[in-house]
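Coordinates in review
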Amino acid sequence: MSEIQGKVVIITGAGSGIGQATALLLAERGAKVVLGARRTERLEALAQRIVDAGGEAIYAATDVKRRDDVEALVNLACERYGKLDVFVNNAGIGPISLFDELRVDDWDEMIDVNLKGVLYGIAAALPVFRQQGFGHFVNIISTAGLIIKPTMGVYAGTKNAVRTLSEALRQEAGDKLRVTGISPGFVRTEFADSMTDLEVKSQIVERMEQMALPPEAVARCVAFAIEQPAEVEVGDIVIRPTAQGG
Ligand SMILES: NC(=O)c1ccc[n+]([C@@H]2O[C@H](COP(=O)([O-])OP(=O)(O)OC[C@H]3O[C@@H](n4cnc5c(N)ncnc54)[C@H](OP(=O)(O)O)[C@@H]3O)[C@@H](O)[C@H]2O)c1
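This write-up is about the structure you can find in this document. These figures come from a predicted structure and were not determined experimentally.

Our focus in this paragraph is the side chain of D197. Turning to its location among the elements, D197 is positioned in the loop between strand 6 (177-184) and helix 6 (198-211). Overall, D197 belongs to the buried group, its relative accessible area being 8%.

Listed below in structure tokens is the structure:
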């Protein structure tokens, strides 16, 4: 039987892209998925699709900028399924731009969603994981933090902050909890919709159209990390299109 069978997995940002593909794959492989994002109509449709296919899924309106929302999502999982095996910190946005543009509101937004949102996920799930004596954080990072490019400074900064805190969390976690970071390159999702600088957005969309991976490729990485036996921790995965040089 797959190690994924029966696992209770929270996925933030589950309404589209990588989160949605991950929810579908894990549910197909027997996980009970708990979906969080702001647009509940998306989550409702996805949960229905999973249930119609014979899987298990529940959802709750979740804005990861709100600590209460993230805690409520963890409580929902625990109340409904009696445990929490995995928290996938996936929700993220990328309104990137040159520093000279001074799009400070976008900087704030990226810090709030990409960094503080992940911290709220940790704050909500870590006590549950400690009490249970098992648990797994899967944090979706980015290759934008590995090769830093113009316009990507703040976005990469938030992602590398998550890379840094993931390593400290891994060391503090001890021998019962697991921490995985997954850094995707270009993935064909709705990610560019969050971009407010239209010139930068069109450049990114063009590169995505040229070479982006399907989100299912990243979902397979999440599944790989989760399906390992409890004593095997997959630390970091980098996955990018073969054609992505930088
Ligand atoms: N696509 C890429 O090329 C790429 C590359 C590297 C890393 N990533 C990372 O992959 C992750 C998923 O992105 P994606 O590419 O799948 O993009 P996406 O299709 O835009 O999905 C992002 C999801 O996050 C949710 N979200 C946004 N703000 C939120 C908030 N405040 N609270 C809760 N959920 C929120 C969105 O749903 P709602 O708007 O309904 O809340 C959406 O479902 C992000 O962390 C991103 O940084 C993407």
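Bringing the site of the ligand into the picture now. Neighbouring the ligand are 29 residues; R38, R39, N90, Y155 and T189 lie closest to it. Contact distances for the ligand include 3.4 Å between an oxygen atom and a backbone N or O atom of G15. Between R38 and the ligand, the recorded distance is 2.7 Å, taken from a side-chain N or O atom to an oxygen atom. About the coverage of the ligand: the protein hides 95% of its 870 Å² of free accessible area.

This paragraph deals with the pattern of salt bridges. Oppositely charged side chains may form a pair once their charged atoms are brought near each other. If you walk through the whole model with that rule in mind, you get 10 salt bridges. Residue E190 pairs with R42 through a salt bridge whose shortest N-O separation is 3.1 Å. One end of the pair, E190, is in the loop between strand 6 and helix 6; the other, R42, is in helix 2 (residues 40-52), with 148 residues separating them in the sequence. Note on E190: relative accessible area 32%, which makes it partly exposed. Assessed through its relative accessible area of 28%, R42 is described here as partly exposed.

Next up on the list: the packing of aromatic side chains. By the definition in use, this model includes 4 aromatic pairs. Aromatic ring contacts, followed pair by pair, group F87, F129 and F137 into a single cluster.

We now examine the sheet that holds strand 3 (residues 56-61). Read from one edge of the open sheet, 7 strands run 3-2-1-4-5-6-7, paired in parallel fashion. Both outer strands of the open sheet, strand 3 and strand 7 (236-239), are each paired with one neighbouring strand and no more. Here the average twist between neighbouring strands, direction ignored, is 15°. Note: strand 4 (residues 86-89) against strand 5 (residues 135-140), 4 bridges, orientation parallel. Bridging across to strand 5, V86 finds its partner in H136.

Once that is clear, we can look at the nonpolar core. One finds I10, V34, V74, L84, F87 and I204 to be the most contacted residues of the largest nonpolar core, which totals 46 residues. Contributing elements (two or more residues each) for this core: strand 1 (8-12), helix 3 (67-81), helix 4 (104-132), helix 5 (153-173), strand 6 and helix 6. Broken down by element, this core gets its largest block of residues, 10 residues, from helix 4. When sequence neighbours within four positions are dropped, the list of residues in contact with I204 reads I96, M152, F186 and M195. Listed in part, the 37 residues of the second largest apolar core include A27, L35, I50 and I140.

Cut-off values and rules
- Residues numbered from 1 in each chain as written.
- Predicted model: local features only at pLDDT ≥ 70, side-chain atom pairs only at ≥ 80, totals over all residues.
- Heavy atoms only, no water.
- Helix = DSSP H or I, 4+ residues; strand = E, 2+ residues; numbered from the N terminus.
- Buried < 20%, exposed > 50% of the residue type's maximum accessible area, 1.4 Å probe, protein only.
- Near = heavy atom within 4 Å.
- Polar contact = N/O pair within 3.5 Å; in protein donor to acceptor, adjacent residues only side chain to side chain.
- Areas by Shrake-Rupley, 256 points an atom, 1.4 Å probe, with all protein chains shown as cover.
- Salt bridge = Lys/Arg side-chain N within 4 Å of Asp/Glu carboxyl O.
- Phe/Tyr/Trp six-rings, centres within 6.5 Å; stacked < 30°, edge-to-face > 60°.
- Pairing = 2+ DSSP bridges.
- Axes fitted to C-alpha atoms, helices over the stretch in contact; angles between N-to-C directions.
- Core = buried A, V, L, I, M, F, W, Y, C linked by side-chain atoms within 4.5 Å.
- Contact = heavy atoms within 4.5 Å.

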